[in-house]
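One-letter residues, chain by chain:
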Amino acid sequence: MRTKINNYEMAYEDKGSGLPVLFIHGYPLNRSLWQPQVEGLSNSGRILAPDLRGHGDSQPTNGPYSMDLLAADCVALLDSLELRAPVIVCGLSMGGYIALALYRNYPERLSGLILAATRAGADSAEGKKNRDQTANLAKEKGVEAVVESMLPKMMSPKTYQQNSELVDRIRKIMEATSLEGVLGDLMGMKERPDSRSLLETIDIPTLVIHGADDQIISTEETRQMYAQIPGAVLETVPDAGHLLNLEQPEIFNQAIRRFIQPL
Ligand code: MLT
């Protein structure tokens, strides 16, 4: 489906009925990241999954794409669907940075928060330098070169050994990101604020979920974030890396069901 919001056309998935759950993908991905959730959870709620601007089938715009801008796009999607009551928001990695921006800027729109393979801190000085280097690589050699450098870190060692089909699928999803999308995300993530002080103010049910073998966000960092959120639930998915929802879809979906059913 498509909707015109904030001066561009956004593509999104909308399947199921009842409790709305908004799934926000990471960088440099798109809504097909959530295919096992759209299929597997749409009998438990209304699954919404946008392509962020410049990703998948959504039109690109010039960056930077601040996390606040991308959060505003998500709210515009909810508005366009006339969903004014609070929804559950699930963000993976950069999607988690956006979920935290949503909580900071529009707390009244959220009834639950799922933080998947993400972190609350800002980029370090070295991290910011890496963003610039990656942006230069994208400009000089294209999105494929960025994908080539990132792909070996996206999943768990076991997934690379046993599921080459999934690895190929992820490569294609990543390669479908526009150059504007890659650059917009990189510059937006580079400037994102430190959200660590927000964590102790979160007063809605929160699930922190991560892959035991995540090569991008460590278990230690995840535990620190979880420990600061009052009443949060922590789930660790075995044999899964950064893209845990695709690597172990059944375990991931069960954890989401357990979390959303009482809400
Ligand atoms: C993501 O998966 O969204 C990215 O790895 C996040 C990041 O680069 O900080």
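The structure displayed is predicted, hence computed values, not measured ones.

Visitor: I'm lost on empty space enclosed by the protein in this one. Help?
Guide: Gaps left between atoms are located by rolling a probe of water-molecule size over the structure's atoms. Within the structure shown, the criterion is met by 1 cavity of 30 Å³ or more. What the largest cavity holds in volume is close to 60 Å³. As for the largest cavity, its lining consists of Met67, Tyr97, Leu100, Ala101, Arg104, Arg119, Ala120, Gly121, Arg192, Pro193 and Ser195. When residues in the lining of the largest cavity are grouped by element, the largest group, 4 residues, is from helix 3 (residues 94-105).

Visitor: Can you help me understand the packing of aromatic side chains in this one?
Guide: Aromatic ring pairs are defined here through the distance separating the ring centres and the angle between the ring planes. What the rule picks out here adds up to 2 aromatic pairs. Seen from their ring centres, phenylalanine 23 and tryptophan 34 are 4.9 Å apart, and the 50 degrees between their planes marks the pair as tilted. Within this pair, whereas phenylalanine 23 is found in strand 3 (residues 20-24), its partner tryptophan 34 is found in the loop between strand 3 and helix 1 (35-41), the two being separated by 11 residues in sequence. The pair formed by phenylalanine 23 and tryptophan 34 is uniform in burial state, with each residue classed as buried. Seen in terms of ring centroids, tryptophan 34 and phenylalanine 252 are 6.4 Å apart; in terms of plane orientation they differ by 35 degrees. Their pairing is tilted.

Visitor: Any chance you could explain the side chain of arginine 119 here in plain terms?
Guide: Structurally, the position occupied by arginine 119 is in the loop between strand 6 (110-116) and helix 4 (125-141). Residue arginine 119 is classed as buried on the basis of its relative accessible area, which comes to 17%. Among the polar contacts made by the side chain of arginine 119, one reaches the side chain of tyrosine 97 at a distance of 3.2 Å. Discounting chain neighbours no more than four positions away, the residues touching arginine 119 are Tyr97, Leu100, Arg192, Ile216, Ile217, Glu221 and Met225.

Visitor: What should I look at first to understand the sheet that holds strand 2 (residues 8-15) in this one?
Guide: Pairing between the strands of a sheet comes from backbone hydrogen bonds, and it takes one of two forms, parallel or antiparallel. Taken in spatial order, the 8 strands line up as 1-2-4-3-5-6-7-8 in an open sheet, and their pairing is mixed. Each having just a single partner strand, strand 1 (2-5) and strand 8 (233-237) make up the two edges of the open sheet. Going from strand to strand, the sheet's axes swing by 25 degrees on average, the running direction of each strand aside. In this sheet, strand 2 lies alongside strand 1 in antiparallel orientation, the contact comprising 4 bridges. Bridge pairing in strand 2 links arginine 2 to alanine 11. Each of strand 1, strand 2, strand 3, strand 4 (46-50) and strand 5 (87-92) is contacted by helix 2 (residues 67-80), which is oriented at about 115 degrees to strand 1, the strand it contacts most.

Visitor: In this structure, what is going on with the environment of isoleucine 256? I would like to understand it.
Guide: Residue position: isoleucine 256 is located in helix 12 (residues 249-260). For isoleucine 256 and tyrosine 8, which are 248 residues apart along the polypeptide, the C-alpha to C-alpha distance reads 31 Å. When sequence neighbours within four positions are dropped, the list of residues in contact with isoleucine 256 reads Phe23, Leu41, Ile114 and Leu207.

Visitor: Please explain the layout of surface pockets as it appears in this structure.
Guide: Of the pockets and cavities examined, the largest pocket occupies roughly 570 Å³. Lining the largest pocket are 22 residues, with Tyr27, Arg131, Met150, Lys153 and Ile216 sitting closest to its centre. Of all the elements, helix 4 adds the most residues to the lining of the largest pocket, at 7 residues. Counted by class, the lining of the largest pocket contains 8 nonpolar, 9 polar and 5 charged residues.

Analysis parameters
- Residues numbered from 1 in each chain as written.
- Predicted model: local features only at pLDDT ≥ 70, side-chain atom pairs only at ≥ 80, totals over all residues.
- Heavy atoms only, no water.
- 1 Å grid on protein atoms, 1.4 Å probe; cavity = no way out; pocket = protein on both sides within 12 Å on 5 of 7 lines; lining within 4 Å.
- Points joined across faces, edges and corners; volume = space filled by probe spheres on them.
- Helix = DSSP H or I, 4+ residues; strand = E, 2+ residues; numbered from the N terminus.
- Phe/Tyr/Trp six-rings, centres within 6.5 Å; stacked < 30°, edge-to-face > 60°.
- Buried < 20%, exposed > 50% of the residue type's maximum accessible area, 1.4 Å probe, protein only.
- Polar contact = N/O pair within 3.5 Å; in protein donor to acceptor, adjacent residues only side chain to side chain.
- Contact = heavy atoms within 4.5 Å.
- Pairing = 2+ DSSP bridges.
- Axes fitted to C-alpha atoms, helices over the stretch in contact; angles between N-to-C directions.
- Nonpolar A, V, L, I, M, F, W, Y, C, P; charged D, E, K, R; others polar.

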